[in-house]
Amino acid sequence: MATELEFNPFDPAFNADPYATYHRLRAEDPVHQTPMGLWILTRYDDVATVLRDGRFGRAGFDVLIRSRFGENSFDQSMLFRDPPDHTRLRALVSKAFTPRVVEEMRAKIQKTVDDLLDQVRDAHAMDLISDLAYPLPISVISELLGVPAKDRDLFRGWSADIARSLDAISLPTDPEVVERGNAARRALAGYFRTLVAERRRRPQRDLLSELIAVEEQGDKLSEEELMATILLLFVAGHETTVNLIGNGTLALLRHPDQLQALRRSPALIGSAIEELLRYDAPVQRSGRMPNTDVELGGKTIPKGALVLGLIGAANRDPAHFAEPDRLDITRADNRHLAFGWGIHFCLGAPLARAEAQAAIGTIARRLPELALATPKPEWREASALRGLKALPVTF
């Protein structure tokens with residue numbers, strides 16, 4: 001007897017592997033309304049529509065976020081704003097993440113990867129998350145913002161608690177998880193307020209000082225927007241990249257033919273990262289609210305409803321990807337949605353790609369005997385941001 005069709009990201013089986021559920025939702029009820037009224041979309045075309053169609057936006061998220069998190073919230077960031085505020089805020093930071101700037105950073109990124117692998121070389125074993133996937137992007141985003149190296153170990157617990165609490169935006173979540181997320185945001189905001197005060201006194205050549213200068217000009221960035229932007233850049237600037245490196249390495253280890261193909265042809269690294277992004281995306285879903293009634297799949301989604309576009313499901317849609325459950329690092333025309341689409345397309349995509357290419361490319365080259373040290377790596381409880389708690393490997 002078939003089980004009842006439901007979207008339950010709190011199920012441990014779903015957490016370990018959501019793709020069977022995605023396939024069933026797409027086949028049986030692609031525009032699915034949960035008992036709580038949440039709309040779940042699993043087809044590529046529908047998810048793309050939600051991400052890029054002006055009928056879907058972020059208006060209303062401020063009320064939703066404050067109802068879930070209280071006044072200690074993050075709704076002032078560009079992530080939860082529509083134009084013109086979104087346009088204005090994004091323009092202020094976009095120059096820090098252009099392809100040209102990222103290309104200039106590649107040598108430093110590569111040196112950081114090599115240094116991290118050198119530290120574990122003689123042990124012939126490591127936790128790929130704590131020894132590489134986390135310290136690499138935290139180092140890069142900290143340097144961009146101007147966070148002193150001595151402070152970077154402070155952030156891992158805060159960041160993990162914030163990431164876990166993000167599920168509460170769209171789903172009922174344990175109040176303790178929400179409070180830990182709020183406490184982590186308060187701690188992180190307190191840290192950056194101190195650093196902002198220091199940069200006001202002594203500006204440096206970093207993004208934080210540039211944002212402060214804009215805020216002090218008066219009419220472009222408020223104090224609240226400044227703090228929300230800093231927190232967004234910091235958390236988004238490393239959390240998803242940790243997951244990309246971890247999820248991607250695990251996928252290659254589970255598909256040794258693809259890992260060997262990358263070793264034989266290192267020039268495939270660009271294509272490989274795009275396929276790893278598609279295959280097990282670090283960001284599994286993105287929410288919007290329609291500003292008018294919208295018909296999708298023969299159903300009417302009412303104005304103001306909460307709609308989740310499941311990016312992880314869209315990236316496995318057989319209507320757009322041949323053999324979608326097969327990992328193929330040579331896959332052509334790979335128009336995945338892992339970085340979103342439309343006006344909220346991930347600002348840090350060039351940086352994330354560069355970091356993942358350096359990390360995974362170097363792993364393939366330097367660790368020819370890399371192997372999993374556990375048959376079942378443990379996934380973090382967060383379902384919006386998909387990533388591993390740890391990935392023990394030997395080499």
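Further up the page is the structure itself.
By convention here, each chain's residues receive numbers from 1 onward along its written sequence. Since the coordinates come from a predicted model, pLDDT governs what is reported: local features require at least 70, and pairs of side-chain atoms require 80 or more to be given and counted, while whole-chain, interface and lining totals use all residues. The basis for the side-chain values is all heavy atoms of the structure; hydrogens and waters are excluded.

Chemist: Give a detailed account of the sheet that holds strand 9 (residues 371–372), specifying residues and quantitative values.
Modeler: For two strands to count as paired, DSSP must find a minimum of two bridges between them. Under the DSSP-based scheme used, a helix requires at least four consecutive residues in state H or I and a strand at least two consecutive residues in state E, with every element numbered from the N terminus. Pairing within the open sheet is antiparallel, and its three strands lie in the order 4-10-9. Edge positions in the sheet fall to strand 4 (125–127) and strand 9, since each of these pairs with one other strand and no more. As paired strands, strand 4 and strand 10 (residues 392–394) are joined by three bridges and run antiparallel to one another. Paired with Ala-125 across the bridge in strand 10 is Thr-394.

Chemist: Go over the packing of aromatic side chains, please, and point to the residues and values.
Modeler: By convention here, two paired aromatic rings are described through the distance between centres and the angle between planes. The rule is short: rings of Phe, Tyr and Trp, with Trp giving its six-membered ring, pair when the centres are within 6.5 Å, and they are stacked under 30 degrees, edge-to-face over 60, tilted in between. Going through the model one piece at a time under the given rule, you end up with 12 aromatic pairs. Look at Phe-192 and Phe-234: their rings are 5.4 Å apart centre to centre, the planes differ by 65 degrees, and that puts the pair in the edge-to-face class. Pair noted here: Phe-192 is in helix 10 (residues 175–201) and Phe-234 is in helix 12 (residues 223–236), with a separation of 42 residues, a long-range link. For the pair Phe-192 and Phe-234, one class covers both residues: buried. A 1.4 Å probe rolled over the protein chains alone gives each residue an accessible area, and that area as a share of the maximum for its type sets the label: buried under 20%, exposed over 50%, partly exposed in between.

Chemist: A description of the nonpolar core should follow, citing residues and the corresponding values.
Modeler: Ranked by size, the top nonpolar core spans 107 residues in total, and within it Phe-97, Phe-192 and Phe-234 carry the most contacts. If one sorts the elements of this core by residue count, helix 17 (residues 349–366) sits on top with 10 residues. Contact between two residues is taken to exist if any of their heavy atoms lie within 4.5 Å; hydrogens are not considered. In this view, Phe-97 contacts Val-102, Ile-141, Leu-144, Leu-207, Leu-233, Leu-347, Gly-348, Pro-350 and Leu-351; residues no more than four positions away in its chain are not counted. In this structure, Phe-14, Tyr-19, Tyr-22 and Leu-308 belong to the second largest nonpolar core, which totals 22 residues. In these notes, a set of buried Ala, Val, Leu, Ile, Met, Phe, Trp, Tyr and Cys residues joined through side-chain atoms within 4.5 Å is what counts as a nonpolar core.

Chemist: Summarise unusual backbone geometry; cite the residues concerned and give the values.
Modeler: With an omega of 5 degrees, the peptide bond running from Pro-83 to Pro-84 counts as cis. Tracing the backbone shows Pro-84 in the loop between helix 4 (61–69) and helix 5 (85–93). Even without a glycine there, the phi angle at His-124 is positive, about 60 degrees. A positive phi angle, near 50 degrees, is found at Asp-333, a position not held by glycine.

Chemist: Kindly report on empty space enclosed by the protein, identifying the contributing residues and their values.
Modeler: Here a cavity denotes a set of grid points, spaced 1 Å apart and computed over the protein atoms alone, in which a 1.4 Å probe fits but from which it cannot get out, and a pocket denotes an open set meeting protein on both sides within 12 Å along at least five of seven lines; residues with an atom within 4 Å of a point are reported as lining. Grid points are joined across faces, edges and corners, and a volume is the space filled by probe spheres set on the points. Summed over all chains, the structure comprises three cavities of 30 Å³ or more. The computed volume of the second largest cavity comes to approximately 60 Å³. Forming the walls of the second largest cavity are Phe-14, Asn-15, Pro-18, Tyr-22, Gln-284, Ala-382, Ser-383 and Arg-386. When the residues that make up the lining of the second largest cavity are grouped by side-chain class, the tally is four nonpolar, three polar and one charged. When residues are grouped by polarity, Ala, Val, Leu, Ile, Met, Phe, Trp, Tyr, Cys and Pro land in nonpolar, Asp, Glu, Lys and Arg in charged, and all others, Gly among them, in polar.

Chemist: Give me the pairing of strand 8 (residues 307–310): which residues, what numbers.
Modeler: Look at any regular strand and the pattern is simple: side chains alternate between the two faces of the sheet. Neither face of strand 8 is left uncovered, since the one carrying Val-307 and Gly-309 and the one carrying Leu-308 and Leu-310 both have all their residues buried. Bridge count for strand 2 (residues 39–41) against strand 8 is three bridges, and the pairing is parallel. Bridging across to strand 8, Trp-39 finds its partner in Val-307.

Chemist: An account of the side chain of Arg-58 is requested, with residue identities and associated values reported.
Modeler: Residue position: Arg-58 is located in the loop between strand 3 (56–57) and helix 4. N or O atoms within 3.5 Å of each other form a polar contact, as long as, within protein, one can give a hydrogen and the other can take it, and as long as residues adjacent in sequence are counted only when both atoms are side-chain atoms. A polar atom in the side chain of Arg-58 sits 2.9 Å from the backbone oxygen of Leu-79. In this view, Arg-58 contacts Leu-79, Phe-80, Arg-81, Asp-82, Ser-286, Gly-287, Arg-288 and His-344; residues no more than four positions away in its chain are not counted.

Chemist: I'd love a proper account of the sheet that holds strand 1 (residues 31–33), names of residues and values included.
Modeler: A sheet is described by the order of its strands in space; here five strands give the open sequence 1-2-8-5-3, paired in mixed fashion. Where the open sheet ends on each side, the last strands, each with one partner, are strand 1 and strand 3. Pairing geometry for strand 1 and strand 2, over three bridges, is antiparallel. Bridge pairing links Gln-33 to Trp-39 in strand 2.

Chemist: Any chance you could break down the layout of surface pockets for me, citing the residues and the numbers?
Modeler: Take a probe with the size of a water molecule and roll it over the atoms, and the empty space left behind shows itself. When its volume is computed, the largest pocket comes out at roughly 460 Å³. Considering the residues around the largest pocket, the lining is formed by 20 residues, among which Glu-143, Leu-144, Arg-205, Asp-206 and Leu-207 are closest to the centre. Listed by contribution, the elements that provide at least two residues to the lining of the largest pocket are helix 6 (99–120), helix 8 (135–145) and helix 11 (207–216). Looking at the lining of the largest pocket element by element, the count peaks at seven residues for helix 6. Residue classes in the lining of the largest pocket are distributed as seven nonpolar, four polar and nine charged. Lining the second largest pocket are 19 residues, and of these Thr-34, Pro-35, Met-36, Leu-38 and Leu-171 lie nearest its centre.

Chemist: Talk me through the packing of helix 15 (residues 269–279) against helix 17; I want residue IDs and the actual numbers.
Modeler: Helix axes are fitted only over the stretch in contact, all axes being lines through C-alpha atoms; the angle between N-to-C directions runs from 0 to 180 degrees. Where helix 15 meets helix 17, the axes come as close as 10 Å, and the angle between the chain directions of the two elements is 110 degrees. It follows that helix 15 is roughly perpendicular to helix 17 by the angle criterion. Facing Ile-269, Gly-270, Ile-273, Glu-274 and Leu-276 of helix 15, the residues of helix 17 in contact are Arg-353, Ala-356, Gln-357, Ile-360 and Gly-361. In terms of residue class, the contact of helix 15 with helix 17 is built from five nonpolar, three polar and two charged. Orientation is classified from the angle alone, with under 35 degrees giving roughly parallel, over 145 giving roughly antiparallel, 65 to 115 giving roughly perpendicular, and any other angle giving oblique.

Chemist: Which residues make up the pattern of salt bridges, and what are the values?
Modeler: Each reported salt bridge corresponds to a side-chain nitrogen of Lys or Arg within 4 Å of a carboxyl oxygen of Asp or Glu. In the structure shown here, the tally under the stated rule is 35 salt bridges. Ionic pairing is found between Asp-118 and Arg-121, a salt bridge with its closest N-O pair at 3.5 Å. With relative accessibility at 32%, the residue Asp-118 sits in the partly exposed group. By sharing partners, the salt bridges in this structure join Arg-81, Asp-85, Arg-88 and Glu-225 into a single network.

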